[in-house]
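These are the residues of each chain, in order.
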Amino acid sequence: MNRPFISLSTDFGSGNKGIGVMKSVILGICPEALVIDLAHDIEPFDILGGARLFEAVESLMVGCHICVVDPGVGTDRHAIAIETKRGDYLIGPDNGVLLPAASFLGGIVRVHALTNDRYMRLPVSAIFHGRDVFAPAAAHLSNGLSIADFGPLIDSSELHPAPYNEAVYDRGVIRATVIHANHYGNVFLNIRNQELHRLAKTGQTIQLNAGDRTVDLPYRRTFGEVEVGQPVIMDDDFGRIEIAVNQGSFLQILSLKPGDAVELRSNKLTVNS
Amino acid sequence: MNRPFISLSTDFGSGNKGIGVMKSVILGICPEALVIDLAHDIEPFDILGGARLFEAVESLMVGCHICVVDPGVGTDRHAIAIETKRGDYLIGPDNGVLLPAASFLGGIVRVHALTNDRYMRLPVSAIFHGRDVFAPAAAHLSNGLSIADFGPLIDSSELHPAPYNEAVYDRGVIRATVIHANHYGNVFLNIRNQELHRLAKTGQTIQLNAGDRTVDLPYRRTFGEVEVGQPVIMDDDFGRIEIAVNQGSFLQILSLKPGDAVELRSNKLTVNS
Amino acid sequence: MNRPFISLSTDFGSGNKGIGVMKSVILGICPEALVIDLAHDIEPFDILGGARLFEAVESLMVGCHICVVDPGVGTDRHAIAIETKRGDYLIGPDNGVLLPAASFLGGIVRVHALTNDRYMRLPVSAIFHGRDVFAPAAAHLSNGLSIADFGPLIDSSELHPAPYNEAVYDRGVIRATVIHANHYGNVFLNIRNQELHRLAKTGQTIQLNAGDRTVDLPYRRTFGEVEVGQPVIMDDDFGRIEIAVNQGSFLQILSLKPGDAVELRSNKLTVNS
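Keep in mind that what you see is a predicted model, and the values were worked out from it rather than measured.

Quick look at the overall build of chain A
Step number 1: In terms of regular secondary structure, chain A is built from six helices and 15 strands.
Step number 2: Here the C-alpha atoms of chain A give a radius of gyration of 20 Å, agreeing with the 19 Å that 2.2 N^0.38 yields for 273 residues.
Step number 3: Across its three principal axes, chain A shows a C-alpha extent of roughly 65 × 40 × 35 Å.
Step number 4: For chain A, the residues scored as buried account for 51% of the 273 residues in total.
Step number 5: Look at the contacts in chain A between residues 6 or more apart in sequence, and 65% of them connect residues 24 or more apart.

Things to note about the relation of the copies chain A and chain B
Step number 1: Rotating chain A by 120° and translating it 0.0 Å along the rotation axis places it on chain B, where the RMSD comes to 0.0 Å. Taken together, the turn and the small shift mark the pair as related by a three-fold rotation axis. The position closest to the rotation axis in chain A is occupied by the C-alpha of A:Ser14, lying 4.4 Å away.
Step number 2: A different interface surface on each copy is seen, since only 7% of the contact residues of chain A are contact residues in chain B too.

Brief notes about the interface of chain C and chain A
Step number 1: With 15 residues of chain C in contact, the opposing surface of chain A contributes 20 residues.
Step number 2: Per-class residue counts for the side of chain C that touches chain A are six nonpolar, seven polar and two charged.

Notes on helix α4 (residues 129-142) of chain C
Residue and element names in this part refer to chain C.
Step number 1: Here α4 is 14 residues long and its end C-alpha atoms lie 18 Å apart, about the 20 Å a rise of 1.5 Å per residue gives.
Step number 2: At Ala-135, α4 shows its strongest bend, of approximately 30°, with the proline Pro-136 following within four residues.
Step number 3: Among the 14 residues that make up α4, 14 are buried, leaving the element largely enclosed by the rest of the structure.
Step number 4: Where α4 ends, the next residue or the one after it, Gly-144, has phi of about 110°, a positive value.

Focus on the sheet that holds strand β1 (residues 5-10) of chain B
Step number 1: With mixed pairing, seven strands are arranged side by side in an open sheet as β2-β1-β3-β5-β4-β6-β7 (chain B). Across the chains shown, the open sheet's two edge strands, defined by having one partner strand only, are β2 (34-39) and β7 (153-154) of chain B.
Step number 2: Judged from the five bridges that link them, β1(B) and β2(B) form a sheet pairing that is parallel. When the bridges of β2(B) are listed, B:Ile6 appears paired with B:Val35.
Step number 3: The sheet strands contacting helix α1 (residues 17-29) of chain A are β1 and β2 of chain B, and the helix crosses β2(B) at an angle near 150°.
Step number 4: Packing of helix α4 (residues 129-142) of chain B onto the sheet brings it into contact with β1, β3 (64-68), β4 (79-84) and β5 (89-93) of chain B, and relative to β3(B) it is tilted by some 170°.

Looking at the sheet that holds strand β6 (residues 108-113) of chain A
Residues and elements named next belong to chain A.
Step number 1: With mixed pairing, the seven strands of this open sheet are ordered in space as β2-β1-β3-β5-β4-β6-β7. Here the strands that pair on one side only, and so sit at the sheet edges, are β2 (34-39) and β7 (153-154).
Step number 2: In this structure, strand β3 (residues 64-68) lies alongside strand β5 (residues 89-93), joined through three bridges in parallel fashion. By the bridge assignment, Ile-66 is partnered in β5 with Ile-91.
Step number 3: Packing against the sheet, helix α4 (residues 129-142) makes contact with β1 (5-10), β3, β4 (79-84) and β5, and its axis sits at approximately 170° to β3.

A look at the domain arrangement of chain A
Residue and element names in this part refer to chain A.
Step number 1: When the domains of chain A are assigned, the result is domain 1 (5-158) and domain 2 (168-272).
Step number 2: Domain 1 and domain 2 are separated by 32 Å when their C-alpha centres are compared.
Step number 3: On the side of domain 2, six residues touch domain 1, which itself brings eight residues to the contact.
Step number 4: The dominant element in the side of domain 1 that touches domain 2, judged by the number of residues it contributes, is helix α2 (residues 47-54), at three residues.
Step number 5: Along the lines of polarity and charge, the residues of the side of domain 1 that touches domain 2 split into three nonpolar, two polar and three charged.

Section: the confidence of the model for chain A
All names here are of chain A.
Step number 1: Within chain A, residue pLDDT values average 93, and 97% of them lie at 70 or more.
Step number 2: Across residues 269-273, where pLDDT falls below 50, the model places three contacts with residues more than four positions away in sequence or in other chains.
Step number 3: Two summary scores accompany this predicted model of the complex, namely pTM at 0.93 and ipTM at 0.91.

Focus on helix α1 (residues 17-29) of chain C
Step number 1: Compared with the 18 Å implied by 1.5 Å per residue over 13 residues, the 19 Å span of α1(C) between its first and last C-alpha is a close match.
Step number 2: In terms of burial, α1(C) is a largely internal element, eleven of the 13 residues being buried.
Step number 3: Listed in full, the buried residues belonging to α1(C) are C:Lys17, C:Gly18, C:Ile19, C:Gly20, C:Val21, C:Met22, C:Lys23, C:Ser24, C:Val25, C:Ile26 and C:Leu27.
Step number 4: Check the buried side of α1(C) and you find it contacts β1, β2 and α2 of chain A together with β1 (5-10), β2 (34-39) and α4 of chain C.

Brief notes about the pairing of strand β15 (residues 261-266) of chain C
Residues and elements named next belong to chain C.
Step number 1: Only one face of β15 is buried, namely the one carrying Val-262, Leu-264 and Ser-266, since none of Ala-261, Glu-263 and Arg-265 on the opposite face is buried.
Step number 2: Examined bridge by bridge, strand β9 (residues 173-181) and β15 share five bridges and lie antiparallel to one another. Within β15, the residue paired with Thr-177 across the bridge is Ala-261.

Quick notes on the rules
- Residues numbered from 1 in each chain as written.
- Chains lettered and ligands numbered in written order.
- Predicted model: local features only at pLDDT ≥ 70, side-chain atom pairs only at ≥ 80, totals over all residues.
- Helix = DSSP H or I, 4+ residues; strand = E, 2+ residues; numbered from the N terminus.
- Rg over C-alpha atoms; globule rule 2.2 N^0.38 Å.
- Buried ≥ 20, exposed ≤ 12 C-beta atoms within 10 Å, placed from the backbone.
- Contact = placed C-beta atoms within 7 Å.
- Least-squares fit on C-alpha atoms with pLDDT ≥ 70 in both.
- Nonpolar A, V, L, I, M, F, W, Y, C, P; charged D, E, K, R; others polar.
- Expected span 1.5 Å × (residues − 1).
- Bend = angle between axes of the 7 residues up to and from the residue.
- Pairing = 2+ DSSP bridges.
- Axes fitted to C-alpha atoms, helices over the stretch in contact; angles between N-to-C directions.
- Domains from an automatic or database assignment.
- pLDDT = per-residue confidence, 0-100.

The following block contains the structure:
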């Protein structure tokens, strides 16, 4: 048995009635779908934060994943569906919010605009495309429609750019971007676990540069492997790299915010240079 | 295939354990039901606010819709099920909270009291009828029982009145009531989209009177069709009329709260009078 | 038809993406499972509060109930599954959080450690056992695996002790512990409804002692059976005993917090002593 799987991520806020409405629209078209909530507390209109949260679809089953962070709803921005190499469909606005997740899922196979109103809830609201465009698209894709039925192919080079790209490894240096800072004061970077392994192994130390500040970070598996109050860099639980302080706040050591640029070097290479 | 659909709206607060308990009771009786949350952050005991939120069942599939905003639980207020013209069943206390939704769904076909304890979870708690009375009723109705099996017919004229009725159109004037003011400062009225169209078309201007205050409101499709800081009246996404300010707060122009009376006139008629 | 039932309780916070991820893991293994949320707003790492909330599984269908309140994740604490006399499986860390619920469900039949990595999501994260250990265990149990397939039998006397035990009745006195105080100022005790009935019937008065303070509490069915501002002791809706003030706060009469010891006596016995 193979029930289609659909996840929902929005900036509506947990508890918003629009979430239930989207589920009803989906189940009205595809009653067998397994529909789950991934995240609804994305900061309103926060494309970077939404893109970061939406990366977690990699931990979900292959399926249709909707992301509604859509400050441009009602303008001429495209509604799109992205087919990924893993076999998922990512559905939402063409504002970059879907692209980091697409990268996590192996990259883009093809992208189509959602323009065929045969697969929309009519009349389409000017401001609630989650209900009228994205939810129906996910449900019809789950019913087996082809992505090509929804509208024209879009060249992926013409998509609105992502709010951040993957960090770049270049001769012993990783140039990275802060993509999240949580309320514990932990900082997350746009570095995939395996990319950091090119720089260092757990047990070694990594040097972080942000502007003119430098911090040495032991690369460990968990908080508890450094002393209380000491900083640590480690793999997070969703495939990225996290910087933290054992029972403390890394932001109090180094004030960073999403979008900030940082550089990481292995200490050994630093010494050699 | 036709799976029964049940929605839940309560004032328990998102995350309250009572919500999961109600779902378990439903699924224990009707395992095939599709159960979704509509709204659980209704202000405790706020019948007007609950009634307004519960109107959104019109955007859901035809099914059983439970609303638990029930300050009178444990007193002699009736528990009721309302059959609507659209084919839904609205289930909750007889305190008016179900009636605006019933009106949205085409009106009332018949109402029965829920008194047959064969279809209750026993012993019935004095204060948790959501679990013991309303959830079982929705599940048994979903299994195909007749509404008449649950208890005696109630004359709908004997129901506790709604917290607000539909606005009244009378010779070029709509007498309306504020039913919601959100945290952006937008105000919602008890006027159905199509009723406002009797007064004006989008593109025209509508005059709002509240006490001795008068505001001219351009009737447009979205915020963006007026200048930043300017007020606008438009259709909302759930069939009602919304008054807002583009990137601002209408409440700062005119302080209104749920229950307040307002009048709307087309500007042309005002000039003619 | 008999669909397996799984409930989720965590301290992740409602809206946390980890909840959706756990559901996806479960449904990937057991697509027919009915998965519902019981409680996710347990205070982080609060084992007593989590144990108290998790008792509400008694109001749910027989099934697999996961509780993730797990300050020791990543240490050598066991992951366990408890089979209860009612027929449920309680799944979570061996830190006591599962035990009050087990008592509510008739007691423990047997306990097994979850050590067989054939039934884990690999690689197992150091800090997200909800996804990698507990969710897969619940899904495989729901598919019909035996609890003995997951790892060795554990003697229940070797489990980490519960954060509180059942209150003790001894010759007209109940020695109890406060297990919850809510934001209304109501206090909940580790006394089962039927145990209080050994002391008094509704209508009688019970004397509460906390340290050197004494309060007489009418034992009634609901708040409304005492005057406004007066204290009352009553059965709560989840099988425990609740102390409240009609339209007021009992905490303002007597400051109590979870873990505090109290004694209850029937007034008649007090007079006799």
